[in-house]
Amino acid sequence: LFFVMFSFISTYSWITFLNFNQANAEKKQIKGAFSRYVAPSIVDDMLTNPDKLKVGGERRDITCMFSDVRDFTSISEKLSPTQLASSLNRYMGEMTEIVFATNGTLDKYIGDAIVAFWGAPLDIGDHVTQAVDAGVKMIEALPAINDEFREKGLPEFKIGLGLNSGECNVGNMGSDKIFAYTALGDTMNLGARLESSCKYYGAQILISEYTHERLEKGKFVTRLIDHVRVKGKIQPVSVYEVLYSYHAFMIDREALAKFKIGYQLFVDAKFEEALTIFESLLELHPEDKSSNRLKESSQFWIANPPQEGEDHTITTRTDK
């Protein structure tokens with residue numbers, strides 16, 4: 001009887017040890033694969049509940065963000081390699097912390113650009129609002145970073161962010177030797193186009209209609225600035241600017257309300273009335289590129305009235 005009991009206990013202990021070892025190996029694999037991309041709290045959740053995680057490719061509803069430093073080439077030419085690395089590390093370190101603090105996943109760094117997304121590898125609830133919240137926090141963190149740069153005699157950073165929401169293919173992609181956890185699809189492409197459009201519209205945060213319609217109501221202040229047909233897309237998409245604490249139109253809410261009235265007049269083809277509003281706005285806020293663009297568009301359509309079937313509200317972009 002002793003040997004029977006001994007065999008039973010030994011076998012049970014050995015199986016328990018093997019299971020424990022396997023579980024530890026799986027946790028190490030998860031931690032190694034994702035610790036560079038997501039916040040520590042999300043990694044801990046994966047380790048506690050590995051059944052929530054699907055490491056291979058899958059279709060996920062996410063919100064993506066593309067962020068880029070404006071005129072970075074000219075900035076880099078003014079700095080030594082050490083200064084450039086120090087400035088970029090300071091900026092990217094702060095921005096990445098904000099991504100992690102809002103439950104985002106870091107996709108990659110591309111030079112001075114940051115690509116991130118919310119909603120994978122784990123479901124984080126309202127990923128749309130969390131992603132836009134991250135964008136606003138990034139813009140609002142920038143002045144303090146630039147203060148440091150100014151004190152050191154370094155050029156200031158200006159950034160643009162583009163956000164879009166929808167389905168993407170998400171997973172570990174690459175070769176069997178080198179791979180990265182990333183997202184691919186049309187949703188990501190539109191996010192990148194919005195980021196590159198920031199300079200054209202004079203905005204720092206642009207979001208698509210697909211992101212705007214899913215935002216938590218009342219949490220952010222936005223304004224519709226255009227219906228644009230970006231390169232590679234047939235259907236136009238409505239583009240909104242998200243305002244932040246020190247934005248001129250966030251401070252001057254009367255001007256914001258006036259802009260929205262002017263834009264609706266423009267949409268309704270009441271170009272003379274719209275022109276009057278945008279001219280008055282530019283007297284108060286001459287730096288507002290969206291008001292200036294709509295003023296010039298109103299002037300163009302007054303001189304060249306839209307023909308039948310011509311949609312004056314759509315801007316076609318041919319650049320990336």
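This report concerns the structure included in the present document. In this text the structure is predicted, and so the values were computed from the model without any measurement.

About the cut-offs
Residues numbered from 1 in each chain as written. Predicted model: local features only at pLDDT ≥ 70, side-chain atom pairs only at ≥ 80, totals over all residues. Heavy atoms only, no water. Axes fitted to C-alpha atoms, helices over the stretch in contact; angles between N-to-C directions. Helix = DSSP H or I, 4+ residues; strand = E, 2+ residues; numbered from the N terminus. Parallel < 35°, antiparallel > 145°, perpendicular 65-115°, else oblique. Contact = heavy atoms within 4.5 Å. Nonpolar A, V, L, I, M, F, W, Y, C, P; charged D, E, K, R; others polar. Phe/Tyr/Trp six-rings, centres within 6.5 Å; stacked < 30°, edge-to-face > 60°. Buried < 20%, exposed > 50% of the residue type's maximum accessible area, 1.4 Å probe, protein only. Expected span 1.5 Å × (residues − 1).

**Comments concerning the packing of helix H6 (residues 186-201) against helix H11 (residues 289-303)**
Now for step 1: Relative orientation of the contacting elements H6 and H11 amounts to 75 degrees, with a least axis distance of 9 Å. Accordingly, the angle class assigned to the pair H6 and H11 is roughly perpendicular. Where H6 abuts H11, its residues Lys 199, Tyr 200 and Tyr 201 lie against Lys 289, Ser 290 and Arg 293.
Now for step 2: Among the residues forming the contact of H6 with H11, the class breakdown is two nonpolar, one polar and three charged.

**Focus: the packing of aromatic side chains**
Now for step 1: Under the definition given, this model contains 10 aromatic pairs.
Now for step 2: Ring geometry for Tyr 91 versus Phe 157: centroids 5.4 Å apart, planes at 75 degrees, classification edge-to-face. Taken together, the positions of Tyr 91 in helix H4 (residues 81-101) and Phe 157 in the loop between helix H5 (127-151) and strand S4 (159-174) put the pair 66 residues apart, joining distant regions of the chain. Here Tyr 91 and Phe 157 have matching classes, each one buried.
Now for step 3: On the basis of an interplanar angle of 65 degrees and a centroid distance of 5.7 Å, the ring pair of Phe 266 and Phe 271 is categorised as edge-to-face.
Now for step 4: Feature note: the residues Phe 72, Tyr 91, Phe 149 and Phe 157 constitute an aromatic cluster, connected by ring pairs.

**What about helix H9 (residues 253-267)?**
Now for step 1: Relative to the 21 Å expected for 15 residues at 1.5 Å per residue, H9 spans 21 Å between its end C-alpha atoms, a close match to the ideal helical length.
Now for step 2: Burial in H9 covers these residues: Ala 255, Leu 256, Phe 259, Gly 262, Tyr 263, Leu 265 and Phe 266.
Now for step 3: Against strand S7 (222-229), helix H8 (248-251), helix H10 (271-284) and H11 lie the buried residues of H9.
Now for step 4: Looking one or two residues past H9, Ala 269 carries a phi angle of roughly 65 degrees, positive in sign.

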